[in-house]
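Each chain is listed here by its residues.
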Amino acid sequence: MSEVAIHVENLSKEFKIGSVINTDRHLRDVLVEAISSPYRKLRRLSRGDAGGAAGLDQSFWALRDVSFRINHGEVVGLIGKNGAGKSTLLKILSRITAPSKGRVTLHGRVGSLLEVGIGFNHELTGRENVYLSGAVNGMTKREIDRKFDEILDFSEIGRFIDTPVKHYSSGMFLRLAFSVAAHLEPEILLVDEVLAVGDVAFQKKCLGKMGDVAKRGRTVILVSHNMAAVAELCTEAIWLHGGRVLKKGPSDDVITEYLHSSANTTGVWQRPRTLERNKNVSILSARVLQQAGNKARVIGFESDISVEIEYEVMKPADGCYVGIALKNGEGYTVLESRERDTIPWERLNKSRGQYRATCQIPGGLLRQGQYYITLGALQSIGGWIERIEDALSFEISEVNNPGTDWRKGVINPRLNWAVALEDELTTNPSMLAN
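The sections below set out a description of the structure shown in this document. Keep in mind it's a predicted model, so treat the numbers as computed, not measured. (Residues numbered from 1 in each chain as written. Predicted model: local features only at pLDDT ≥ 70, side-chain atom pairs only at ≥ 80, totals over all residues. Heavy atoms only, no water.)

**Brief notes about the sheet that holds strand 8 (residues 236–241)**
- Spatially, 5-6-7-3-8-9 is the arrangement adopted by the six strands of the open sheet, whose pairing is mixed. Only two strands of the sheet have a single neighbouring strand rather than two, namely strand 5 (110–113) and strand 9 (244–250). Strand-to-strand twist of the sheet, defined as the mean angle between neighbouring strand axes without regard to direction, takes the value 15 degrees.
- Pairing between strand 5 and strand 6 (residues 188–192): four bridges, direction parallel. Looking across to strand 6, one finds that Gly111 is bridged to Leu189. (Pairing = 2+ DSSP bridges. Helix = DSSP H or I, 4+ residues; strand = E, 2+ residues; numbered from the N terminus. Axes fitted to C-alpha atoms, helices over the stretch in contact; angles between N-to-C directions.)

As structure tokens, then:
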């Protein structure tokens, strides 16, 4: 068998704007579209709408000259912003859609987790859907029989397995659907954002399952916006931007460059005019400050850090507050904090007006490296009102760092210690309190 599992050569995919690209429609719909399309063009031309008629023939290139190789046993993360072409690439690799140009060579049986729940029928029971979905995904009845108990245990559906899935909660449905898909055994596995299913505990379970798949030597391509998951599971990463490969290499390097490119590197964020305001609460600006209130992007290890957020409440709101999430250069969330951590609840009932909130991060806590701040506005009833990913970034430098690079861990605090001889403790027990 070839060492290469996936070989993509000069791959491009073109879509016609306004053309039939919905693969979920019935044949009759496609025929009607084909018959009526020329008449629609004539009607537009008769109204003098030549641009509108021409617009039906405009092209959009979802992928442009994409080339790469992935060897057997490699686990590769596919990252990039929405619209970068990630899902289109997986659909071509899965043979769901054909490329416009270029060639794909696959060595091994391919399994796809592109849409959790594909093949499920809401009128059938959970048990019946396990067999139906398994068959749709290429599993034989013997394989499903052998894996059924494992699928059921993983899904945590239990005694509801013989209940029609139309009576399931959305969480139950997703857990069973993912469990079936996760127990496929192809040589090449393509995964598109399935790690976001269910509650937090089940997401961790899914992440563990994907780790098991990777350890068995299968070739995996994982599409995810969860950089921590990509960093943990993947040895390599491919960064797509505008349908092109911007970078391919070790996952840590690619993720760091991707996060840095998408963040504000000035330490100051100002709401752009193009970003529509929320009707309740809108974040107006934010900035990173170090000691003495100076704006900063590079901060010494010992310096205290302040994150200052200005926001506007358009109408009175109870239980309204802002918060931050801090990620490191590998995409791991280091900490989250919100106004309600220390502000009395009655002061979270906001009247109309502009507010300024400041969060203090003590010096000596964070390791050296790059950090990214996500801003959010929340309400106790209704959850997130607004969330601005990676709005700010700053760097912790090695200035005044007292030789703590050897430490492991996400944070790097110096904790207080006390030490004394046992003989000393018998005469002065308070020594360890110093």
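**Points about the sheet that holds strand 4 (residues 101–106)**
- The sheet built from three strands is open, its strands ordered 2-1-4 with antiparallel pairing. Bordering the open sheet on either side are strand 2 (59–71) and strand 4, each of which pairs with just one other strand. Strand-to-strand twist of the sheet, defined as the mean angle between neighbouring strand axes without regard to direction, takes the value 15 degrees.
- The sheet contacts of helix 3 (residues 86–93) involve strand 1 (4–16), strand 2 and strand 4, and relative to strand 1 the element is tilted by about 120 degrees. (Contact = heavy atoms within 4.5 Å.)

**Brief notes about the pattern of salt bridges**
- Scanning the entire structure with this criterion turns up 16 salt bridges.
- Glu257 serves as the salt-bridge partner of Lys247, at 3.5 Å between the closest nitrogen and oxygen. One end of the pair, Lys247, is in strand 9; the other, Glu257, is in helix 9 (residues 251–262), with 10 residues separating them in the sequence.
- The salt bridge partner of Arg387 is Glu389, with a shortest N-O separation of 2.7 Å.
- Assessed through its relative accessible area of 37%, Arg387 is described here as partly exposed.
- Glu389 gets classed as partly exposed once you look at its relative accessible area, which sits at 44%. (Salt bridge = Lys/Arg side-chain N within 4 Å of Asp/Glu carboxyl O. Buried < 20%, exposed > 50% of the residue type's maximum accessible area, 1.4 Å probe, protein only.)

**Let's talk about the packing of aromatic side chains**
- Summed over all chains, the structure comprises five aromatic pairs.
- Ring centres 5.2 Å apart and planes at 75 degrees place the aromatic pair Phe120 and Phe173 in the edge-to-face group. Linking Phe120 in the loop between strand 5 and helix 4 (126–136) with Phe173 in helix 6 (residues 170–182), this pair joins segments that are 53 residues apart in sequence.
- Judged by relative accessible area, Phe120 falls into the buried class, the value being 11%.
- Taking relative accessible area as the criterion, Phe173 reaches 15% and is therefore assigned buried.
- Between Tyr131 and Phe148 the ring centres are 6.0 Å apart and the planes differ by 20 degrees, which places this aromatic pair in the stacked class. One end of the pair, Tyr131, is in helix 4; the other, Phe148, is in helix 5 (residues 141–155), with 17 residues separating them in the sequence.
- Judged by relative accessible area, which is 26%, Tyr131 ranks as partly exposed.
- Note that Lys350 overlies the ring of Tyr355, its terminal NZ or CZ placed 5.2 Å from the centroid. (Phe/Tyr/Trp six-rings, centres within 6.5 Å; stacked < 30°, edge-to-face > 60°. Lys NZ or Arg CZ within 6 Å of the ring centre and 35° of its normal.)

Geometric values such as these leave the question of function open.
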